[in-house]
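Each chain is listed here by its residues.
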Amino acid sequence: MLPVLYSFRRCPYAIRARYTLAFLKVSVYLREVVLKAKPDALLSLGGRSTVPQLIDVDGARYAESSDIIFWALSKSSIKNRSQQVWPSEIKQRNNMKAWIAYNDHFFKYWLDRYKYADRYPDFSEVYYRSKGEVFLQRLENRLKKRRFLFGESETLPDIMIFPFVRQFVAVNQSWFESSHYNNVKVWLARFVNSALFQSVVMTKYVAWEAGQAEVPFPA
Ligand SMILES: N[C@@H](CCC(=O)N[C@@H](CS)C(=O)NCC(=O)O)C(=O)O
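Residues numbered from 1 in each chain as written. Predicted model: local features only at pLDDT ≥ 70, side-chain atom pairs only at ≥ 80, totals over all residues. Heavy atoms only, no water.

Remarks on the pairing of strand 2 (residues 28–32)
Note the threshold: The buried label goes to any residue with under 20% of its type's maximum accessible area, the exposed label to any with over 50%, and the partly exposed label to all in between, with areas taken from a 1.4 Å probe on protein chains only. Think of it this way: any DSSP run of H or I at least four residues long counts as a helix, any run of E at least two long counts as a strand, and we number them from the N terminus. Strand pairing is assigned whenever DSSP identifies at least 2 bridges connecting the two strands. When the strands point away from the viewer and the connection leading from the first strand across the helix to the second strand turns clockwise, the crossover is called right-handed.
With five of its five residues buried, strand 2 lies for the most part within the structure. Residues Val 28, Leu 30 and Glu 32 point to one face of strand 2 and Tyr 29 and Arg 31 to the other, with burial holding for every one of them. Bridge analysis of strand 1 (residues 4–7) against strand 2 gives four bridges, and the strand direction is parallel. Bridge pairing in strand 2 places Leu 5 opposite Leu 30. Following the chain from strand 1 across helix 1 (residues 12–23) to the adjacent parallel strand 2, one finds a crossover that is right-handed. In terms of strand pairing, strand 2 meets strand 5 (residues 216–217) through two bridges, oriented antiparallel. Among the inter-strand pairings, Val 28 is bridged to a residue of strand 5, identified as Phe 217.

See below:
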């Protein structure tokens, strides 16, 4: 018996949760959700039915990607990896939290408008992109001096931010390729070209239906 993770393959919140689980080798049963036809098992939990959501074996519910990520940190037996991604120094943790919060509140806001510019006709797609670029430039400045946001190896801010940058880039890949964000390009490629991302995190699963065999993740 394992905890259950409700997930949606392309969702950036679900991607960062799955990446953390895979990186820390914390096992769950993955239930792939179709957002337009959420399973009753998820809806009947009540309240928010966004993905990702994790239900632990004792019934405890983690309804936010960040809750799942911190739950995974507490469960991982690979202590050097959990220490690597979330070092114990308080000042550094606060700084990391600030980067994650900036991503989740500001970058995500402009990302949605850039991605769905036709639904936000007040301004142009290029305008929304330029707003998102403020964050890309901050990432670029930081990554000029180090391989990852907080040093030479990945930490939670990298893991929690890259799925959103990936989505931003996907709106107009050729624009990004020709842009000057060269260090962001290399940083993003490290994640999306990794075996962990391609062969584990982004594995395709059929939509889960009640009664079907559970799917262990990471496989
Ligand atoms: N703050 C949540 C956001 C999760 C979220 O918005 N997920 C989207 C998919 S990317 C979703 O479930 N949308 C469907 C819905 O809102 O019902 C988290 O960090 O997990």
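Observations concerning the domain arrangement of the protein
Short version of the rule: Start and end positions for the domains come from either an automated domain assignment or a database one. Should any heavy atoms of two residues lie within 4.5 Å, those residues are counted as being in contact. What counts as buried area is the accessible surface, traced by a 1.4 Å probe, that two parts surrender upon association, with contributions from both included.
What the domain assignment reports for the protein is domain 1 (4–79 + 198–217) and domain 2 (83–194). Of note, the centres of domain 1 and domain 2, computed from C-alpha atoms alone, are 23 Å apart. Across the contact, 16 residues belong to domain 1 and 20 residues belong to domain 2. Regarding the contact of domain 1 and domain 2, the summed buried area is about 1600 Å², with carbon and sulfur atoms giving 67% of it. Among the residues domain 1 hides against domain 2, the three largest losses belong to Pro 12, Arg 16 and Tyr 19. Together they make up 36% of the total.

Some remarks on the nonpolar core
Worth spelling out the cut-off: Put simply, a nonpolar core is a bunch of buried Ala, Val, Leu, Ile, Met, Phe, Trp, Tyr and Cys residues held in one set by side-chain atoms that sit within 4.5 Å of each other.
Leu 136, Leu 139, Phe 162, Val 165, Val 184 and Trp 187 are the most contacted members of the largest nonpolar core, which has 55 residues in total. Considering every element that reaches this core, the biggest residue donor is helix 7 (residues 156–171), with nine residues. Split by domain, this core shows at least three residues from each of two domains, domain 1 (4–79 + 198–217) and domain 2 (83–194).

What about the UniProt feature "domain: GST C-terminal" (unreviewed entry) in the protein?
The line we're drawing: UniProt positions are given in the numbering used here, feature names are shortened, and annotations may be inferred rather than shown by experiment.
Here, UniProt's "domain: GST C-terminal" (unreviewed entry) annotation points to residues 89–217. What you have in residues 89–217 is 66% helix and 2% strand, and the ends, taken at the C-alpha atoms, are 31 Å apart.

What to know about the packing of helix 1 against helix 3 (residues 65–75)
Axis angle and axis distance: for two packed helices, these are the angle between their axes and the distance between the axes, and together they describe the pair. As a reminder of what qualifies: The convention used is that axes are lines fitted to C-alpha atoms, helices contributing only their stretch in contact, and that angles between N-to-C directions extend from 0 to 180 degrees. Small angles under 35 degrees read as roughly parallel and large ones over 145 as roughly antiparallel, with 65 to 115 read as roughly perpendicular and the rest as oblique. Residues are grouped as follows: Ala, Val, Leu, Ile, Met, Phe, Trp, Tyr, Cys and Pro are nonpolar; Asp, Glu, Lys and Arg are charged; every other residue, Gly included, is polar.
Orientation of helix 1 relative to helix 3, taken along the N-to-C sense of each, is 0°, at an axis distance of 9 Å. As the angle between them shows, helix 1 and helix 3 are arranged roughly parallel. Across the interface between the two elements, Tyr 13, Arg 16, Ala 17, Thr 20 and Leu 21 from helix 1 touch Ser 65, Ile 68, Ile 69, Trp 71 and Ala 72 from helix 3. By residue class, the composition of the contact of helix 1 with helix 3 is seven nonpolar, two polar and one charged.

Notes on the site of the ligand
Our working rule: Whether a residue is near a molecule or strand depends on its heavy atoms: if one lies within 4 Å, it is near. Definition of a polar contact: a pair of N or O atoms within 3.5 Å, with one able to donate and the other able to accept a hydrogen when the atoms are protein atoms, and with sequence-neighbouring residues admitted only if both atoms are side-chain atoms. Accessible surface is estimated by sampling points in the Shrake-Rupley manner with a 1.4 Å probe; for residues, cover comes only from the protein chains shown.
As a matter of local geometry, the ligand sits amid Cys 11, Tyr 13, Leu 35, Lys 38, Arg 48, Thr 50, Val 51, Pro 52, Glu 64 and Ser 65. Interatomic distance of 2.4 Å between a side-chain N/O atom of Lys 38 and an oxygen atom of the ligand. A distance of 2.7 Å is found between an oxygen atom of the ligand and a side-chain nitrogen or oxygen belonging to Ser 65. About the coverage of the ligand: the protein hides 70% of its 510 Å² of free accessible area.

Considerations on the pairing of strand 1
Residues in a regular strand point their side chains to alternate faces of the sheet. The two faces of strand 1 match: Val 4 and Tyr 6 on one face and Leu 5 and Ser 7 on the other face are all buried. Pairing between strand 1 and strand 3 (residues 53–55): three bridges, direction antiparallel. Considered in strand 3, the bridge of Val 4 is made with Ile 55.

Description of the pattern of salt bridges
Put simply, the rule reads: Here, a salt bridge means any Lys or Arg side-chain nitrogen found within 4 Å of an Asp or Glu carboxyl oxygen.
Considering all chains together, one arrives at four salt bridges under this definition. Notably, a salt bridge pairs Glu 214 with Arg 31, separated by 2.5 Å at the nearest N-O pair. Here Glu 214 is found in the loop between helix 10 (195–201) and strand 5, whereas its partner Arg 31 is found in strand 2, with 183 residues between them in sequence. On the accessibility criterion, Glu 214 (28% relative accessible area) is partly exposed. In this structure Arg 31 comes out as buried when scored by relative accessible area, which is 12%. Among the salt bridges present, the one from Arg 48 reaches Glu 64, with a minimum N-O distance of 3.4 Å. Note that Arg 48 is positioned in the loop between helix 2 (40–43) and strand 3 and Glu 64 in the loop between strand 4 (61–62) and helix 3, a separation of 16 residues in sequence. Arg 48 gets classed as partly exposed once you look at its relative accessible area, which sits at 48%. You can call Glu 64 partly exposed: its relative accessible area is 35%.

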